[in-house]
Amino acid sequence: MGCKMSSGIIDKNIIPDEETLKAGLYSLVDFSRPVFYFPVRHHSPICSYFLQKTIEEYKPDCILIEGPEDANELKDVLASENLETPIAIYYSFKDKEEVHRCYYPFLDYSPELVALREAQRLGIPASFFDLGYAEIINATQEGRGLKKDQEKVNYNDDSYISESTFMKGLVEKAGLRCFDEFWEKYFEIECLSGTLKDFLKTMLLYCGMCRAVAPTRELEEDGCLAREAHMRENIETASKKYKRILVVTGGFHTPGLALSDDLFRSKDNRKTGKKEKSAALSKEDKGVYVMSYSMEAADALNGYASGMPYPAFYQSVWESINKGEGMEAYSSVVLAGLVRVGKNVRAKDGVTSTADEIAALSMAANLASLRGKDVPGAFELSDSVLSSFVKGELSPASNLPMKELRKILTGKKIGRLPADAKLPPLVHDFEEKCRKYRLDIHATVKKEVTLQIFANEKHRDESAFFHSMCFLGSGFASRKRGPNLHTGIDRNLIRETWEYRWNTALNGILIDNSVYGGTIEEACTTIVKKKTGESLNSAEAAELLLSSFEMGIDIQGEMIKRLQEIMQADSDFFSLSKAFSSVNMLDRLSSLYRNEMSFSNIKDTLFRKILSLLPGMAELRDEDLERTLSSISEMYYEAGRTEEFLGVLKILASNEKIHPGLLGAVQGILYSAAELSGDEVCTTAKGFMNGTSEKRLKTAAYLRGIFYTARDLIFSSMELIEMLDAFLGEVEVEPFLKLLPQLRLAFGSFTPREIDRIAEKVAGKLGVKAGSILEGNNVSAEGFEYGRSLDERILKLLGK
């Protein structure tokens, strides 16, 4: 399979003698060698399967495993029977300029972890033998390798194989969609029925070819050559002590460690890496911990560079292989996956039937046969669900089966550490912050702290810490008083009062959240970024923005772009309006909170999106009136008398079907902007008051809108008061009772002092004193008794 597939892919100028290279690679498959090199793809079940067989066949007296040698102190924890994957080694290094961090995840079927566990089981010495993390950082150029600018940097990176020109050519030649589909077909499934030597030859051939086309300059910039120089030194050192050494590394490194440069390239293009000595590093500047990880984070489809996709699927395959199911492991896992998807879809009111599951199973098998695979794999499972479970065209309304499948393929398990494991960095960061802010976490009684958040920078930082702990769901702190940006309550307060208390569940929660980062800030930032990748509307995105603001997280770059995408795609007027209100508030409060974040782009995106939807809001429901009035009022406050905004309002006002309350508000703004005269507004009001009985009932709603945006209109002249007085004097009791709730809401826009002014105007028109309505004769005892008896008779007649 391998030799035929590779034919014609390699450039002869790069590898002048391909056959010599093959011979050199195949010569490594010799179990009599004092050093035996085993190539792996990180997190590959088939590599772990044959690694176990290699250990059994080769019987090494030492195993060297790719990984920064800093982690050798953690070997016992990693190999512990009480450890549950997924977990990761967390590395950190602080240089003069910044703090570098990276993750080295492990699943049950990760070859490196399998090697450690087998070594412990058999009593074989084992160790990591790569450069230390700090030394790798020092050997790497900015923006390359472990210095890439990305959310989470991973120690292992399969891109030299998965993205090599050789492998891309093979994928295209095989007619497959991606490297992962190629890998599953030709390695995970096809090699499972083959021999150990066949697997090793195939693996070495492909990795050797990928190595041959890799540019030397890139290898040097990534620190790859420096790492390999260090690993060769460690192999030489181990050779002086042990006679049979098994070397387990990523397949890309194996040819570089085991073979001569002459087999790869001409003299002017050979590897030149040398291990360079670095300055002595302080232990305080370096950190290495074992921490919980998640299946979701280990999924290549979520951006993990060296991971395979669908970790839960391959976990099940690995477990089935270890039970001796062989090739049938894939068939049984595919069947179980189809049944679970069907069950989950039905539980959520989907329409998937047992017949659909049977059809999907048949399709998976037929697709495998058509594609030249002995059994169906993850890609056939996905295609069969799409074809058999999704009814009609794939859309947000019909993609429930695919969403459920993705959850099942990825999994949701989070690893657990042994009780004696050194705690992850997130816990230490929490404790360090508590020391910094002098918080007592050694007692279970509640403590209270008051923060001057606008006057004291340290207090603002402490507030951000408390908000972050709330965001992580730690139960550590709760705010009792202070401005609440989410609800708008108590925004006038200048202090925050918090209660905090240590609890027994706190460390567990921090350990669980350590999958998102090694510091409180990093964990919260990662969660915020993760949430922005979910299906959110604008209001939900704005809530995340508010939380980020409170936590002091600097939302810039890709996250701002993502938030704008969410808002641009949203067509819900009220969701956008709520988001605009939140962002507008943050924009106004930034200077007060000493926050340098810029919200102008998001605010502009929201404003223009709302403006585009505003003409379509004419026929709104009564229950949506208040939210709409609030939205256009805030937009007017922000936009002022801009021609664009006022033009949209004029279009809206010209709609004959516009809600009367909205019409009143729009005309109120146009009046305030001098685009409409008071007489024109009064004319519209008169039209409602003198119209049909149906239109007269809309008068109060219209007034509510007018008073919401232009309260001063009622004070500018007596005309509106006189019209309203005449209207209320003519209206019958029953219509008046229908009008009363809206009238109360309309006059609710006025302050108590303004109500008094209106009362004075009304009193002046009627020729009475403003306060005379509050005066009157006392009711006599006889009158009171008569009224009480009358009430009783009426209630009796009503049957009450």
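Scroll up to find the structure this text is about.
The shown structure was predicted, so the numbers you read here are calculated from the model rather than taken from an experiment. (Residues numbered from 1 in each chain as written. Predicted model: local features only at pLDDT ≥ 70, side-chain atom pairs only at ≥ 80, totals over all residues. Heavy atoms only, no water.)

Draft legend 1. Expanded view of the overall build of the protein. Summing up its helical and strand segments, the protein has 38 helices and 10 strands in all. The long-range fraction of contacts in the protein, counting pairs at least 24 apart against all pairs at least 6 apart in sequence, stands at 75%. As displayed, the protein has an accessible area near 38,100 Å², and 49% of this comes from carbon and sulfur atoms. (Helix = DSSP H or I, 4+ residues; strand = E, 2+ residues; numbered from the N terminus. Contact = heavy atoms within 4.5 Å. Areas by Shrake-Rupley, 256 points an atom, 1.4 Å probe, with all protein chains shown as cover.)

Draft legend 2. Structural detail: unusual backbone geometry. A cis amide bond links Thr85 to the next residue, Pro86, at an omega of 5°. Tracing the sequence through the fold places Pro86 in the loop between helix H4 (75-78) and strand E3 (87-94). Positioned with a positive phi, Arg438 is a non-glycine residue whose angle comes to about 55°. With respect to the secondary-structure elements, Arg438 resides in the loop between helix H20 (425-436) and strand E8 (447-451). Given the relative accessible area of 74%, Arg438 is considered exposed. Despite not being glycine, Ala674 shows a phi value in the positive range, around 65°. Mapping Ala674 onto the fold places it in the loop between helix H30 (660-672) and helix H31 (678-689). For Ala674, a relative accessible area of 62% corresponds to the exposed category. (Buried < 20%, exposed > 50% of the residue type's maximum accessible area, 1.4 Å probe, protein only.)

Draft legend 3. Region of the structure containing the environment of Met402. Assignment of secondary structure puts Met402 in helix H19 (residues 400-410). Sequence separation of Met402 and Leu386 is 16 residues, and the distance between their C-alpha atoms is 6.6 Å. If we skip the residues at most four places from it in the chain, Met402 touches Ser382, Val385, Leu386, Val390 and Leu394.

Draft legend 4. Here's a closer look at the sheet that holds strand E6 (residues 245-250). Reading across the sheet, the 4 strands line up as E1-E6-E2-E5 and stay open at both edges, with parallel pairing between neighbours. Single-partner strands in this sheet number two, and they are strand E1 (35-40) and strand E5 (126-130). Neighbour-to-neighbour, the strand axes of the sheet open up by a mean angle of 30°, direction not taken into account. Where E1 meets E6, 6 bridges bridge the pair, whose relative direction is parallel. Each bridged residue has a counterpart across the sheet, and for Phe38 the counterpart in E6 is Val248. (Pairing = 2+ DSSP bridges. Axes fitted to C-alpha atoms, helices over the stretch in contact; angles between N-to-C directions.)

Draft legend 5. Focus on the packing of aromatic side chains. Applying the stated rule across the entire model yields 38 aromatic pairs. Note on Phe466 and Trp498: the rings are 5.1 Å apart at their centroids and 20° apart in plane angle, and the pair reads as stacked. Linking Phe466 in helix H21 (residues 457-471) with Trp498 in strand E10 (residues 496-500), this pair joins segments that are 32 residues apart in sequence. In this structure, Arg757 packs its charged tip against the face of Phe715, placed 4.0 Å from the ring centre. (Phe/Tyr/Trp six-rings, centres within 6.5 Å; stacked < 30°, edge-to-face > 60°. Lys NZ or Arg CZ within 6 Å of the ring centre and 35° of its normal.)

Draft legend 6. Examining the nonpolar core more closely. Among the nonpolar cores identified, the biggest contains 123 residues, and Ile46, Ile63, Ile89, Phe187, Phe199 and Phe313 are the most heavily contacted of them. For this core, the element with the most residues is helix H10 (residues 196-212), which contributes 11 residues. By size, the runner-up hydrophobic cluster in this structure holds 108 residues, among which are Leu439, Ile441, Met469 and Val666. (Core = buried A, V, L, I, M, F, W, Y, C linked by side-chain atoms within 4.5 Å.)

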